[in-house]
Amino acid sequence: MNQSALKNWGFPVGRTFVAAGPCSAETEEQVLETARALVNKDIGFMRAGIWKPRTRPGSFEGVGLKGLAWMDRARTETGLKIGTEVAEPSHVEACLEYGMDVLWVGARTTTNPFSVQAIADALRGVDIPVLVKNPMSADIGLWVGGIERLANAGVTKLGAIHRGVSSSLEMRYRNAPVWTMPIELMRLMPEIPLICDPSHICGKSELVAAIAQEAMDLLFDGLMVEVHPDPSSAWSDASQQLTPVEFLSMMNSLEMPYEQS
Ligand code: PEP
Ligand code: MN
C-alpha cells in the first residue's frame, strides 16, 4: 500500500487512485470531450496514447506530436493532470517540452532493456512520475529491471502497472492477470505504488469491473482504465473501453476492502 506516495506526487486521489482516458488520442474534440466528462471526478490523471507501439504493422500507431497539444489544451481547460506512454527518448523530450505530468512505459517497451535504458537516460535529472507496465510475458525480472533502470537514472517517483500477460491461446482475458507477479513485486519493491490496468487485462468492457474489484481486494494502490466517449468507434482497443458513464458507475460500485490512506 503506497497510495500516499501517489498523493505526495500531486495526483488527486478519491476512494482510490485512478487514471482514466482513451486508449489513443484520436482528435482534439475526442480528447476534450473525454476530459470534460472526467473533470471534478477525483481523477489522478487523464491518460491518452499519442505514440502507440502496435504488435502488428498496419494498426493505428498514434497521432504523434499534435496529440500533445490537444492534451495540453484539455489540461488547461479542465485542470486535469495528463499522462502518456513513451517508447523512445524523442517521446520523452517532446513530453517534457509540454510539461506532461506523468509518463508510462508500455508493455512492449518494458520487454526491451535497451529501450528502457534509453528512456531512463533521457530522464536523467528530471523529476517526473514514471509508471512501468509489466512486460508482455510473465517475466518479473524484466519488470523489476525496468524500474531499476529508471531508479538508477535518478527517477524517484516510480510506480508499476500490472496489465496482464499475452498469450496466443484462446483465453477469457486478452492478457490474463498473473497476480503472483504484482504480489512478488510488492515483496521485492515494497515502496513502489502498484496500479492495475483492468482494460488491457480484460480486452472486453464487460469484464473490466470484476478485475478492478479483484485488484482492490489484492490491495493495489489504484487503477488505470480506458475510457472513450464512443468506445465502438475507437481507433484502437474498441472492445475494452468504457463510456464515461460506465466508468463512473464502476468507480462508485467498487468496494474497498479497507480504508485507503
Ligand atoms: C495502452 O496503455 O494503451 C497500451 C498499449 O497498453 P500496454 O502497453 O499495456 O499494451
Ligand atoms: Mn489500449
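Residues numbered from 1 in each chain as written. Chains lettered and ligands numbered in written order. Predicted model: local features only at pLDDT ≥ 70, side-chain atom pairs only at ≥ 80, totals over all residues.

Enquirer: How should I be thinking about unusual backbone geometry in this particular structure?
Expert: Leaving glycine out, the prevailing phi sign among residues is negative, and the prevailing peptide bond configuration is trans. Notably, Asn40 is not glycine yet its phi reads approximately 60 degrees, a positive angle. Its place among the elements puts Asn40 in the loop between α2 (28–38) and β2 (45–47). Under the C-beta neighbour-count criterion, Asn40 is labelled exposed, with 9 such atoms within 10 Å. Phi at Asp237 is positive, roughly 50 degrees, even though this residue is not glycine. On the secondary structure map, Asp237 appears in the loop between β10 (222–226) and α11 (244–253). Overall, Asp237 belongs to the buried group, with 21 C-beta atoms counted inside 10 Å. (Helix = DSSP H or I, 4+ residues; strand = E, 2+ residues; numbered from the N terminus. Buried ≥ 20, exposed ≤ 12 C-beta atoms within 10 Å, placed from the backbone.)

Enquirer: I would appreciate a short explanation of the packing of helix α6 (residues 113–122) against helix α7 (residues 140–152) in the present structure.
Expert: Each pair of packed helices can be described by the angle between their axes along with the distance between the axes. The interhelical angle for the contact between α6 and α7, taken along N-to-C directions, is 25 degrees, at an axis separation of 9 Å. As summarised for this structure, α6 and α7 are arranged roughly parallel, according to the angle between their axes. Every pair of crossing elements has a handedness; the one defined by α6 and α7 is right-handed. Contacts between α6 and α7 pair Pro113, Val116, Gln117 and Ala120 from the former with Gly145, Gly146, Arg149, Leu150 and Asn152 from the latter. (Axes fitted to C-alpha atoms, helices over the stretch in contact; angles between N-to-C directions. Parallel < 35°, antiparallel > 145°, perpendicular 65-115°, else oblique. Left-handed = near helix turned anticlockwise from the far one by under 90°. Contact = placed C-beta atoms within 7 Å.)

Enquirer: What exactly am I supposed to notice about α7 here?
Expert: Because an α-helix completes one turn every 3.6 residues, residues spaced three or four positions apart along the sequence face the same direction. Spanning 13 residues, α7 covers 18 Å between terminal C-alpha atoms, matching the ideal 18 Å at 1.5 Å per step. Within the sequence span of α7, burial applies to Leu142, Trp143, Gly146, Ile147, Arg149 and Leu150. Down the axis of α7, the buried set is contained in an arc of 155 degrees. They therefore lie on one face. Pointing more than 90 degrees away from the buried face of α7 are the exposed residues Gly141 and Asn152. The elements touched by buried residues of α7 are β4 (102–105), α5 (107–110), α6, β5 (130–133), β6 (158–162) and α8 (180–188). (Expected span 1.5 Å × (residues − 1). Arc of directions from axis to C-beta.)

Enquirer: Just checking my understanding: could you explain the sheet that holds β2 for this structure?
Expert: In a beta sheet, neighbouring strands pair by backbone hydrogen bonds and run either parallel or antiparallel. Here we have eight strands rolled up into a closed barrel, ordered β1-β2-β3-β4-β5-β6-β9-β10, and parallel in their pairing. Taken over all neighbouring pairs, the strand axes of this sheet differ in orientation by 30 degrees on average, direction set aside. (Pairing = 2+ DSSP bridges.)

Enquirer: I tried to follow the pairing of strand β3 (residues 82–86) on my own but got confused; where do I start?
Expert: A regular strand places its side chains so that they alternate between the two faces of the sheet. Across the five residues that make up β3, a large majority, five, are buried. Across two bridges, β2 lies against β3 in parallel orientation. Looking at β3, one finds that Arg47 is bridged to Gly83. With helix α3 (residues 66–78) bridging β2 and the parallel β3, this β-α-β connection has right-handed handedness. In this structure, β3 lies alongside β4, joined through four bridges in parallel fashion. Bridging from a neighbouring strand, Gly83 pairs with Val102 of β4. With helix α4 (residues 89–97) bridging β3 and its parallel neighbour β4, the resulting β-α-β unit is right-handed. (Right-handed = clockwise from strand over helix to strand, strands pointing away.)

So, to be careful, I would describe these as geometric facts and stop short of saying anything about function.
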